[in-house]
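Examination of the molecular architecture
So the chains spell out like this:
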Amino acid sequence: MNPDVSPAASDAWARVAERVAAQHWPAGTLYVVATPIGNLGDLGLRAWQALARADVIAAEDTRASRTLLDAWGIGTPLMAAHRHNEAQAAQAICERLAQGQRVALVSDAGAPAVSDPGARVVRTVRAAGHPVVPVPGPSAVITALMGSGVTTDENPAFAFAGFAPPKAAARQRWLRQWCALPAPVLMFESPHRLAATLSDLLEVCGPDREITVARELTKRFEEIATLPLGEAEAWLAGDAHRSQGEFVLIVHALPQTDTEDALSDPATDILLDALLETVSVRDAARVAARVTGLPRDALYQRALARKEASE
């Protein structure tokens, strides 16, 4: 036994594992399982059980998945299910499910079907009438949000854009579209394109727009830095290790002055007035916040003022 783990903690682990094992694990089901994005310890108990109980695991990269399975003592057979064979893999999975087998679906890291292969498999399985059980867990998007503090409980809106286009002209057009949204925008980037994307962001958004660079999330050399885009090039050049690893970039929402301008935009009043015809002030503010990305409390005050002025 590890001397750093108390007997009480070991007993608790065993009890929880037993309770998870006793849960309902229906056959003929596709289990969509999130796996660690870098730290082996982030595999959940339920994910562990789903992978161990499966008759086969459909994996984006069978070699990468076997490393994870070996670390957790899971001997379940593997089959390939990646973007180049996803249609065929989906049909093979449906055949297994029809035979009553349990199939687990994993990607290299994180959540399958979220900026990773797997969505086509899930759609095909659901269309065939077989049950799909998502087993949540690690997510680079949520991890980056947790470590950056860019959202609030009053306005939790954010947008996930995935990977930026590789070509410069297409990337700049893409960035202009996404960065115009009134909410933080998250995107993935690879090490060899990081500097180019930061340069394009500087051109599109200007030097004062804040960005959070999150690299090597959950790993030993995890780093989360927030700075103005005008300082990003110097920050990147300040340490050779900063261009290594896997990256989540978060372009922060426009500053408050821009939010105030958006609140005074006639289009915002038109939206609120239309909502107030059928719903309460509170619900109008809630819906408008989702549509515009503006703070709900500010929208509430504006909606209240417009309702009182119309009475």
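Now for a quick tour of the structure. Values in this document were obtained by computation on a predicted structure and should not be read as measured data. (Residues numbered from 1 in each chain as written. Predicted model: local features only at pLDDT ≥ 70, side-chain atom pairs only at ≥ 80, totals over all residues. Heavy atoms only, no water.)

**Quick word on unusual backbone geometry**
A negative phi angle characterises most non-glycine residues, just as the trans form characterises most peptide bonds. Phi angles above zero are rare outside glycine, and Ala113 is one such case at about 75°. Its location among the elements puts Ala113 in the loop between strand E4 (103–106) and helix H5 (119–127). (Helix = DSSP H or I, 4+ residues; strand = E, 2+ residues; numbered from the N terminus.)

**Structural notes on the environment of Ala140**
Of note, Ala140 is situated in helix H6 (residues 140–148). In this structure the C-alpha to C-alpha distance between Ala140 and Pro266, which are 126 residues apart in sequence, comes to 37 Å. Not counting the four nearest positions on each side in its chain, Ala140 is found in contact with Ile37, Phe188, Leu217 and Val248. (Contact = heavy atoms within 4.5 Å.)

**Side note on the sheet that holds strand E2 (residues 56–59)**
Strand order across the open sheet formed by five strands is E3-E2-E4-E1-E5, with parallel pairing between neighbours. Looking at the sheet topology across the chains shown, the edges are occupied by strand E3 (78–80) and strand E5 (132–135). Between one strand axis and the next, the sheet turns through 25° on average, direction left out of account. Sheet topology note: the strand E1 (residues 30–33)/E4 ladder contains three bridges and is parallel. (Pairing = 2+ DSSP bridges. Axes fitted to C-alpha atoms, helices over the stretch in contact; angles between N-to-C directions.)

**Things to note about the packing of helix H11 (residues 266–276) against helix H12 (residues 281–292)**
In contact at an axis separation of 9 Å, H11 and H12 are set at 140° when each is read in the N-to-C sense. Between H11 and H12, the angle falls in the class oblique. When you trace H11 past H12, the crossing you get is right-handed. Here Leu271, Leu272, Leu275 and Leu276 of H11 come into contact with H12, specifically with Val281, Ala284, Val287, Ala288, Val291 and Thr292. Taken together, the residues of the contact of H11 with H12 sort by class into nine nonpolar, one polar and no charged. (Parallel < 35°, antiparallel > 145°, perpendicular 65-115°, else oblique. Left-handed = near helix turned anticlockwise from the far one by under 90°. Nonpolar A, V, L, I, M, F, W, Y, C, P; charged D, E, K, R; others polar.)

**Regarding the layout of surface pockets**
Considered as a void within the structure, the largest pocket measures approximately 830 Å³ in volume. Around the largest pocket, the lining comprises 38 residues; the ones closest to its centre are Ile37, Asp108, Ala109, Gly110 and Glu246. Of all the secondary-structure elements, those providing two or more residues to the lining of the largest pocket are helix H3 (62–71), H6, strand E7 (185–189) and strand E10 (247–251). For the lining of the largest pocket, the element with the most residues is H3, which contributes four residues. A breakdown of the residues in the lining of the largest pocket according to their chemical character gives 19 nonpolar, 11 polar and eight charged. Three or more residues apiece are contributed to the lining of the largest pocket by two domains, here domain 1 (25–138) and domain 2 (141–251). (1 Å grid on protein atoms, 1.4 Å probe; cavity = no way out; pocket = protein on both sides within 12 Å on 5 of 7 lines; lining within 4 Å. Points joined across faces, edges and corners; volume = space filled by probe spheres on them. Domains from an automatic or database assignment.)

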